[in-house]
Amino acid sequence: MGEGGAEKASSAWAIESGGVALYVRLTPKGGRDAIEGVETLADGRSVLKARVRAAPEDGRANAALIALIAATLRTPKSAVSIRAGATGRVKTVFVAGAPALFLDALAKLAPTNG
């Protein structure tokens with residue numbers, strides 16, 4: 001469904017039916033809650049770099065990540081879910097809703113890198 005535009009600025013997210021999938025590398029116990037842009041992993045994948053204060057115990061870091069993404073994209077926490085990688089650092093997070101609502105916010109997280 002992609003027709004050029006912000007989703008091509010980074011492969012750290014993909015527009016899907018009913019929302020946007022985000023690829024995130026999470027650093028728990030990171031001292032603050034923040035999304036720090038896009039980085040490229042050693043295998044060439046692009047991910048959003050996120051850190052949260054919460055420890056990776058009892059799902060607290062994942063809950064903090066959901067809250068962070070919801071706040072960043074100005075959407076309810078109930079619209080954000082971890083689709084894959086719940087116990088790993090690299091996660092796929094799905095944000096339900098109209099993708100157009102999220103593209104501007106995502107583009108601000110990943111300024112054009114060339």
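Residues numbered from 1 in each chain as written. Predicted model: local features only at pLDDT ≥ 70, side-chain atom pairs only at ≥ 80, totals over all residues. Heavy atoms only, no water.

Caption draft 1: Region of the structure containing the overall build of the protein chain. When you go through the protein chain residue by residue, the secondary structure sums to two helices and six strands. Here the protein chain holds 114 residues, and 41% of them are scored as buried. The long-range share in the protein chain, meaning contacts at least 24 apart out of those at least 6 apart in sequence, stands at 53%. Surface accessibility of the protein chain: about 6300 Å² in total, with carbon and sulfur atoms responsible for 51%. (Helix = DSSP H or I, 4+ residues; strand = E, 2+ residues; numbered from the N terminus. Buried < 20%, exposed > 50% of the residue type's maximum accessible area, 1.4 Å probe, protein only. Contact = heavy atoms within 4.5 Å. Areas by Shrake-Rupley, 256 points an atom, 1.4 Å probe, with all protein chains shown as cover.)

Caption draft 2: Spatial organisation of the environment of Ala54. Topologically, Ala54 is positioned in the loop between β4 (46–51) and α1 (60–73). For the pair Ala54 and Lys29, spaced 25 residues apart in sequence, the C-alpha separation works out to 5.3 Å. When near neighbours in sequence (up to four residues on either side) are disregarded, Ala54 contacts Pro28, Lys29, Arg60, Ala61 and Ala64.

Caption draft 3: Spatial organisation of the environment of Val52. For Val52, the location among the structural elements is in the loop between β4 and α1. Along the chain, Val52 and Gly30 lie 22 residues apart, while their C-alpha atoms are 5.3 Å from each other. Once residues within four sequence positions are removed from consideration, Val52 is found in contact with Leu26, Thr27, Pro28, Lys29, Gly30, Gly31, Arg32, Asp33, Ala61, Ala64, Leu65 and Leu68.

Caption draft 4: Highlighting the nonpolar core. Counting residues in hydrophobic clusters, the biggest one holds 26 residues, and the most contacted among them are Trp13, Leu22, Val24, Leu48, Ile69 and Leu106. For this core, the secondary-structure elements that each account for two or more residues are β2 (19–27), β4, α1, β6 (90–96) and α2 (99–109). No other element matches the eight residues that α1 contributes to this core. Beyond its immediate chain neighbours, meaning those up to four positions away, Val24 contacts Val47, Leu48, Ala50, Leu65, Ile69, Arg89, Val90, Lys91 and Val93. (Core = buried A, V, L, I, M, F, W, Y, C linked by side-chain atoms within 4.5 Å.)

Caption draft 5: Structural context of α2. Among the residues making up α2, those that are buried are Pro99, Phe102, Leu103, Leu106 and Leu109. Buried positions in α2, seen along its axis, are confined to an arc of 120 degrees and lie on one side of it. Along α2, exposed side chains directed more than 90 degrees from the buried face belong to Ala100, Leu101, Asp104 and Lys108. On the buried face of α2, the contacting elements are β1 (13–16), β2, β3 (34–40), β4, α1 and β6. (Arc of directions from axis to C-beta.)

Caption draft 6: Seen up close, α1. The first and last C-alpha atoms of α1 sit 20 Å apart over 14 residues, in line with the 20 Å expected at 1.5 Å per residue. Every buried residue of α1 is listed here: Ala61, Asn62, Ala64, Leu65, Ile66, Leu68, Ile69, Ala70 and Leu73. Against β2, β3, β4, β5 (80–84), β6 and α2 lie the buried residues of α1. Positive phi shows up at Arg74, right after α1, with a value of about 55 degrees. (Expected span 1.5 Å × (residues − 1).)

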